[in-house]
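# Structural overview
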Amino acid sequence: MMILAFVLIAVISYLLGSLNFSVILSNRLKNDDVREHGSGNAGTTNMLRNYGKKYAVLTIIGDMLKVAVAILIAFAILKIMPISDSDKSQFDSLTAGIDTKMLVKSFAGLFCVLGHIFPCFFKFKGGKGVATSGGMVFVIDWRIALILLAIFAVVVLITKYVSLGSIVMALLYPVMIYIFHRSIVLTIIALVFTIIVVVAHRQNIYNLIHHKESKITDKKKTE
């Protein structure tokens, strides 16, 4: 039952992540699809460039809240499912020395970010996971979140590249997890998350290398 519980957590977290608020908001409030404009990305930056600050803020709130809901549901599933003592004992032995709450948060958060980037409801064409990842990190460890947010702000303030700030945050996340929690398993999960986010930003990395990346001050250009 423990395996079934985590499979259920993965599926529900992925489905919640697939609720991409930039697509939903642009469709419901503007009768449009943000992916048809600017960078073609279903994310906060493209919402900002095409529809303004209000819609960008609503997108951030929605994308951060869904990961918090996914994590709350994950704990609820583990609480209500009938898990045998032997399953629990085996799970505890496999996760010895690991904060179980951190593990559950990281697991649910990872699948929620996957859903956001590859949403089944929107033909697997989603955002790049920045706001959703930010929500995940805040729920996992607010100290790490504040540090990464400060680094993100400094990078964007200096360079004007949101994508660069996002990539730097993603790269530093597993480092912060290891520094604060000294767990190889949690660090590996964080590293998987980092790889997913960096891969989602592969076009941005190409643009940055070739000096083609648009800055946050640019309007309706490729992100």
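Residues numbered from 1 in each chain as written. Predicted model: local features only at pLDDT ≥ 70, side-chain atom pairs only at ≥ 80, totals over all residues. Heavy atoms only, no water.

Here the focus is the pattern of salt bridges. The tally for this structure, following the rule as stated, stands at three salt bridges. We note a salt bridge from Arg35 to Asp33, for which the minimum N-O separation is 2.9 Å. For the residue pair Arg35 and Asp33, the accessibility class agrees, reading buried in each case. Residue Asp141 is joined to Arg143 by a salt bridge in which the shortest nitrogen-to-oxygen separation is 2.7 Å. Given the relative accessible area of 5%, Asp141 is considered buried. (Salt bridge = Lys/Arg side-chain N within 4 Å of Asp/Glu carboxyl O. Buried < 20%, exposed > 50% of the residue type's maximum accessible area, 1.4 Å probe, protein only.)

Moving on, we come to the layout of surface pockets. Space inside the largest pocket adds up to approximately 840 Å³. In terms of lining, the largest pocket is formed by 39 residues, of which the most central are Ile60, Val130, Ala131, Phe152 and Met169. Secondary-structure elements contributing two or more residues to the lining of the largest pocket are helix H3 (44–51), helix H4 (53–80), helix H7 (130–140), helix H8 (142–159), helix H9 (162–181) and helix H10 (184–200). Here the element with the most residues in the lining of the largest pocket is H8; it accounts for seven residues. Looking at the lining of the largest pocket residue by residue, the class counts come to 23 nonpolar, eleven polar and five charged. (1 Å grid on protein atoms, 1.4 Å probe; cavity = no way out; pocket = protein on both sides within 12 Å on 5 of 7 lines; lining within 4 Å. Points joined across faces, edges and corners; volume = space filled by probe spheres on them. Helix = DSSP H or I, 4+ residues; strand = E, 2+ residues; numbered from the N terminus. Nonpolar A, V, L, I, M, F, W, Y, C, P; charged D, E, K, R; others polar.)

Taking 1.5 Å of rise per residue, 17 residues should cover 24 Å, and H10 covers 24 Å from first to last C-alpha, within 8% of that figure. Burial in H10 covers these residues: Leu186, Thr187, Ile189, Ala190, Phe193, Thr194, Ile196, Val197 and Ala200. A side-chain oxygen of the first residue of H10 lies 3.2 Å from the backbone nitrogen of Leu186; this N-cap is Ser183. (Expected span 1.5 Å × (residues − 1). Polar contact = N/O pair within 3.5 Å; in protein donor to acceptor, adjacent residues only side chain to side chain.)

Bringing the nonpolar core into the picture now. Core analysis: the biggest nonpolar cluster contains 41 residues, and Met136, Val137, Ile144, Leu148, Tyr173, Ile177 and Phe193 have the highest contact counts within it. Counting residues per element, this core draws most heavily on helix H6 (residues 100–117), which supplies eight residues. Of all hydrophobic cores here, the second largest spans eight residues; its members include Leu25, Val34, Met47 and Phe122. (Core = buried A, V, L, I, M, F, W, Y, C linked by side-chain atoms within 4.5 Å.)

What follows is about the confidence of the model for the protein. Averaged over all residues, the pLDDT of the protein is 87; the fraction at 70 or higher stands at 91%. Put simply, helix H5 (residues 85–94) is where the protein has its lowest mean pLDDT, 64, and H8 is where it has its highest, 95. (pLDDT = per-residue confidence, 0-100.)

Attention shifts here to empty space enclosed by the protein. Under the counting rule described, the total for this entry stands at one cavity of 30 Å³ or more. Within this model, the largest cavity holds a volume of roughly 40 Å³. Contributing to the lining of the largest cavity are Ser106, Leu110, Met136, Ile140, Tyr173, Leu186, Ile189, Ala190 and Phe193. Those elements that place two or more of their residues in the lining of the largest cavity are H6, H7 and H10. A per-element tally of the lining of the largest cavity places H10 first, with four residues. Classifying every residue of the lining of the largest cavity gives eight nonpolar, one polar and no charged.

Another point: the side chain of Thr187. Its location among the elements puts Thr187 in helix H10. Here Thr187 is in contact with Pro174, Ile177 and Tyr178, once residues within four sequence places are set aside. (Contact = heavy atoms within 4.5 Å.)

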